[in-house]
Amino acid sequence: MKGKWNNLQKILPDSNQIGKLVELKIANTKTSGYINVNTNETCDILFHIASGKYGELFAEITLQKEDYSIIQWRTIF
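These figures come from a predicted structure and were not determined experimentally.

Q: I'm lost on the overall build of the protein chain in this one. Help?
A: Along the backbone of the protein chain there are zero helices and six strands. Taken from the N to the C terminus, the helices and strands of the protein chain come in the order β-β-β-β-β-β. Taken against the 2.2 N^0.38 rule, which gives 11 Å for 77 residues, the C-alpha radius of gyration of the protein chain at 12 Å falls within 12% of a compact globule. Counting only C-alpha atoms, the protein chain reaches 40 × 30 × 25 Å along its principal axes. For the protein chain, the residues scored as buried account for 32% of the 77 residues in total. Restricting to contacts in the protein chain with at least 6 residues of sequence separation, those with at least 24 account for 46%. Carbon and sulfur atoms provide 52% of the accessible area of the protein chain, an area that totals close to 5100 Å².

What follows is the structure, given as structure tokens:
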């Protein structure tokens, strides 16, 4: 069972979810990854790009608060 989609601009992950794998929608592209809230003004998103011969490929972006609206997240149960 999965949680409902939360808009990052409105609902930041609480301490129970920080550091845990979540489902992500980045500009309507679904993936999974991790959200680390640095301060109330920025957060890091580590998101899964692909699986390949040598393992998993992730990329990281740091978002400013004004860009949070492009991210939705939900808990993976």
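Moving on, there is more to tell.
Q: What is the right way to read the environment of aspartate 14 from this model?
A: Position of aspartate 14 relative to the elements: it lies in the loop between β1 (6–7) and β2 (22–26). For aspartate 14, a relative accessible area of 38% puts it in the partly exposed group. Measuring from C-alpha to C-alpha, the distance between aspartate 14 and valine 37 comes to 9.3 Å, with 23 residues separating the pair along the chain.

Q: Looking at this structure, I do not really get the side chain of threonine 75. What am I missing?
A: Mapped onto the fold, threonine 75 is located in strand β6 (residues 71–75). In this structure, threonine 75 is in contact with Lys2, Gly3, Gln17 and Val22, ignoring residues within four places of it in sequence.

Q: Just checking my understanding: could you explain the pattern of salt bridges for this structure?
A: Oppositely charged side chains may form a pair once their charged atoms are brought near each other. Counting across every chain of the model gives two salt bridges. Taking the shortest distance from any N to any O, the salt bridge between glutamate 23 and lysine 2 comes out at 3.4 Å. In this pair, glutamate 23 is assigned in strand β2 and lysine 2 in the segment before β1, connecting sequence segments 21 residues apart. Given the relative accessible area of 12%, glutamate 23 is considered buried. You can call lysine 2 partly exposed: its relative accessible area is 44%. The partner of glutamate 23 in a salt bridge is arginine 74, and the shortest N-O contact between them spans 2.5 Å. Of this pair, glutamate 23 sits in strand β2 while arginine 74 sits in strand β6, placing them 51 residues apart in sequence. Several salt bridges share partner residues, and in doing so they unite Lys2, Glu23 and Arg74 into one network.

Q: What is the right way to read a nonpolar patch on the surface from this model?
A: On the surface, a nonpolar cluster with roughly 300 Å² of combined accessible area is contributed by Leu21, Tyr34, Phe58 and Ile76. Mapped onto the elements, tyrosine 34 comes out in strand β3 (residues 29–37). Look at tyrosine 34 and you get partly exposed, because its relative accessible area is 31%.

Calculation notes
Residues numbered from 1 in each chain as written. Predicted model: local features only at pLDDT ≥ 70, side-chain atom pairs only at ≥ 80, totals over all residues. Heavy atoms only, no water. Helix = DSSP H or I, 4+ residues; strand = E, 2+ residues; numbered from the N terminus. Rg over C-alpha atoms; globule rule 2.2 N^0.38 Å. Buried < 20%, exposed > 50% of the residue type's maximum accessible area, 1.4 Å probe, protein only. Contact = heavy atoms within 4.5 Å. Areas by Shrake-Rupley, 256 points an atom, 1.4 Å probe, with all protein chains shown as cover. Salt bridge = Lys/Arg side-chain N within 4 Å of Asp/Glu carboxyl O. Patch = residues over 30% accessible without salt bridge, like charges linked within 9 Å, V, L, I, M, F, W, Y side chains within 5 Å.

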